[in-house]
Amino acid sequence: MDLRLSEYQPVSQLVTPVHEIHVPRFPVIDVHTHFGPMVLGPEYEKEYDTEQVLGNLARFGVEQVCNLELVWDGELERMNRKTAGQEGRLFTFPSVDVSRYEEPGFEDGVRRSMAAYARAGYRGVKLWKNITLYLKDSQGGHIRLDDPKLACVFDAAGENGLVVLIHIADPKAFFTPFDGRNEYYECLVESPEWDFSGPGHFSFREHMEMQEAVLSRHPGTVFVIAHCGSCSEDLGYVSGLLDRFPNLYVDIAARINGLGRQPYAARRFFLRYADRVLFGTDFIAGQDPAELYPYYYRFLETFDEYFDYAPPGSENSMGRWKIYGIGLPDDALRLVYRDNARRLLKLE
Ligand SMILES: [Zn+2]
């Protein structure tokens, strides 16, 4: 008997304790949110009211957020107008135009921008996966993250005390063939543009090599590598990075699916690196916080078993499995929820 994959939606008959948590045990700083054009598009101002969004987040225990956006110059001013008056609650991480990295004067411009960001009180800058996955150099190839011409970006950020929050690569399976053996098959059917397995792309391993090269060449720069150090699939690898590079922190945005399916390894990881892991979600302004935060809190705070990591059928539902809670103790929760971020954002 054959059934279409899309028609197979088994309902678990398991009976185990359920803890729904809308307010976390301790106040939260979400270091990975988007309030601008990156996710919401060029008309983002119309999509939400800043005060109202931050008020809704506060009801879910989120006191402060980092707004990660690829904006600079005029677009940054526009972003700041949209979030004006919320300076203590919302920290925008702007960026620099890396696509100009081969132009003369790029380095001077980057150095000027970073110095100006630091003077203006920004805490960090955002860099994205577009560098190695979408942008092309003048020869038509993708840009290496460890290209010496980009080194000034990381150096200047570090010299000015700005944290570099960077999203590198994507889940490992996006770099393996898009077929019946791919663990994100259904997700890739929805978003085929995330299939980076074809020729002309850097492999996942090459991405990790470039990531390591950048971490080792810029020891004076603090990096937050988003999405669990780009590799929630292999916490042994991420642990090795954290051991080797004291300048590295990771956020857990959009990765409780990957972490919660390996609860024993994840719990050991969070306990061992409790002072290096940051709470983040990839929240998008205007989105209902109820669709996101309770799932994170349940994963981090409880020992609940075999539950959904996102509302079924939602965009955040990315792999056909369920997760388990890791019941973190209070001291680890405090660090992950807020204290690590306070240190990096210089809020102490
Ligand atoms: Zn993001």
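It should be noted that the structure appears before, not after, this text.
In what follows, the accompanying structure is described.

**Some points on the overall build of the chain**
- When its secondary structure is counted, the chain shows 14 helices and nine strands.
- Relative to a compact globule of 348 residues, whose C-alpha radius of gyration would be 20 Å, the chain shows 20 Å and is just as compact.
- Each of the 348 residues in the chain was classed as buried or not, and the buried ones make up 43%.
- Considering only contacts within the chain whose residues lie at least 6 apart along the sequence, 77% involve residues at least 24 apart.

**Overview of helix α14 (residues 330-344)**
- Taking 1.5 Å as the rise per residue, α14 with 15 residues should run 21 Å; its terminal C-alpha atoms sit 20 Å apart, in good agreement.
- At valine 336, α14 shows its strongest bend, of approximately 50 degrees.
- Of the positions making up α14, those classed as buried are Leu333, Leu335, Val336, Tyr337, Arg338, Asn340, Ala341 and Leu344.
- Contacts from the buried residues of α14 go to β1 (28-34), β5 (163-166), β7 (248-251), α12 (263-272), β8 (277-278) and α13 (293-301).

**Brief notes about the sheet that holds β1**
- Reading across from one edge, β3-β2-β1-β9 is the order of the four strands in this open sheet, with parallel pairing throughout. Since the sheet does not close on itself, it has two edges, and those belong to β3 (90-93) and β9 (283-284), each with one partner.
- Of the pairings in the sheet, the one linking β1 to strand β2 (residues 62-68) comprises four bridges and is parallel in character. Across the sheet, aspartate 30 pairs through a bridge with valine 65, a residue of β2.

**Some points on helix α2 (residues 50-59)**
- Among the residues of α2, Val53, Leu54 and Leu57 are the ones counted as buried. Buried residues of α2, seen end-on, are gathered within an arc of 95 degrees and therefore sit on one face of the element. Those residues of α2 that are exposed and aimed more than 90 degrees away from the buried face are Glu51, Gln52, Gly55 and Arg59.
- The secondary structure elements touched by the buried residues of α2 are β2 and β3.
- The positive-phi residue at the C-terminal boundary of α2 is glycine 61, with phi of around 80 degrees.

**Here's the deal with the pairing of β7**
- Side chains of β7 alternate between two faces, with Leu248 and Val250 and Tyr249 and Asp251 buried alike.
- Two elements, β7 and β8, share two bridges in a ladder whose sense is parallel. Looking across to β8, one finds that valine 250 is bridged to valine 277.

**Some words on the packing of helix α4 (residues 106-119) against helix α6 (residues 151-159)**
- Relative orientation of the contacting elements α4 and α6 amounts to 25 degrees, with a least axis distance of 9 Å. On the basis of the axis angle, α4 is roughly parallel to α6. By crossing handedness, the relation of α4 to α6 is classed as right-handed. Along the contact surface, α4 presents Glu107, Val110, Arg111 and Met114, while α6 presents Cys152, Val153, Ala156 and Ala157.
- Residues belonging to the contact of α4 with α6 are distributed by class as follows: six nonpolar, no polar and two charged.

**A short note on unusual backbone geometry**
- Despite not being glycine, alanine 169 has its phi angle at roughly 55 degrees, a positive value.
- Along the chain, the position of alanine 169 falls in the loop between β5 and α7 (185-190).
- In this structure, tyrosine 306 takes a positive phi of about 55 degrees despite not being glycine.
- By secondary structure assignment, the location of tyrosine 306 is in the loop between α13 and α14.

**Quick look at the pairing of β5**
- A two-sided burial pattern is seen for β5, the buried positions comprising Val163 and Leu165 on one face and Val164 and Ile166 on the other.
- Pairing of strand β4 (residues 124-127) with β5, which is carried by four bridges, proceeds in the parallel orientation. Pairing of valine 125 across the sheet is with valine 164, part of β5.
- Judged from the three bridges that link them, β5 and strand β6 (residues 223-225) form a sheet pairing that is parallel. Residue pairing in the sheet places valine 164 in a bridge with phenylalanine 223 of β6.

**Some details on the sheet that holds β7**
- Pairing is parallel in the open sheet, where five strands are placed in the order β4-β5-β6-β7-β8. Strands with a single pairing partner mark the edges of an open sheet, and in this sheet they are β4 and β8.

**Points about the environment of glycine 286**
- Within the secondary structure, glycine 286 is located in the loop between β9 and α13.
- Residues glycine 286 and threonine 50, 236 residues apart in the sequence, show an inter-C-alpha distance of 8.8 Å.
- If we ignore the near neighbours within four places in the chain, the residues touching glycine 286 are Glu47, Tyr48 and Val53.

**Topic: the environment of valine 222**
- When you line up the elements, valine 222 lands in the loop between α8 (204-217) and β6.
- Looking at valine 222, the number of C-beta atoms within 10 Å reads 19, which means it is partly exposed.
- Linking valine 222 and aspartate 282, residues 60 residues apart in sequence, is a C-alpha distance of 20 Å.
- For valine 222, the contacting residues outside a window of four places in its chain are Val163, Asn247, Tyr249 and Leu344.

What counts as what
- Residues numbered from 1 in each chain as written.
- Predicted model: local features only at pLDDT ≥ 70, side-chain atom pairs only at ≥ 80, totals over all residues.
- Helix = DSSP H or I, 4+ residues; strand = E, 2+ residues; numbered from the N terminus.
- Rg over C-alpha atoms; globule rule 2.2 N^0.38 Å.
- Buried ≥ 20, exposed ≤ 12 C-beta atoms within 10 Å, placed from the backbone.
- Contact = placed C-beta atoms within 7 Å.
- Expected span 1.5 Å × (residues − 1).
- Bend = angle between axes of the 7 residues up to and from the residue.
- Pairing = 2+ DSSP bridges.
- Arc of directions from axis to C-beta.
- Axes fitted to C-alpha atoms, helices over the stretch in contact; angles between N-to-C directions.
- Parallel < 35°, antiparallel > 145°, perpendicular 65-115°, else oblique.
- Left-handed = near helix turned anticlockwise from the far one by under 90°.
- Nonpolar A, V, L, I, M, F, W, Y, C, P; charged D, E, K, R; others polar.

By themselves, these are just geometric observations and shouldn't be taken as functional.
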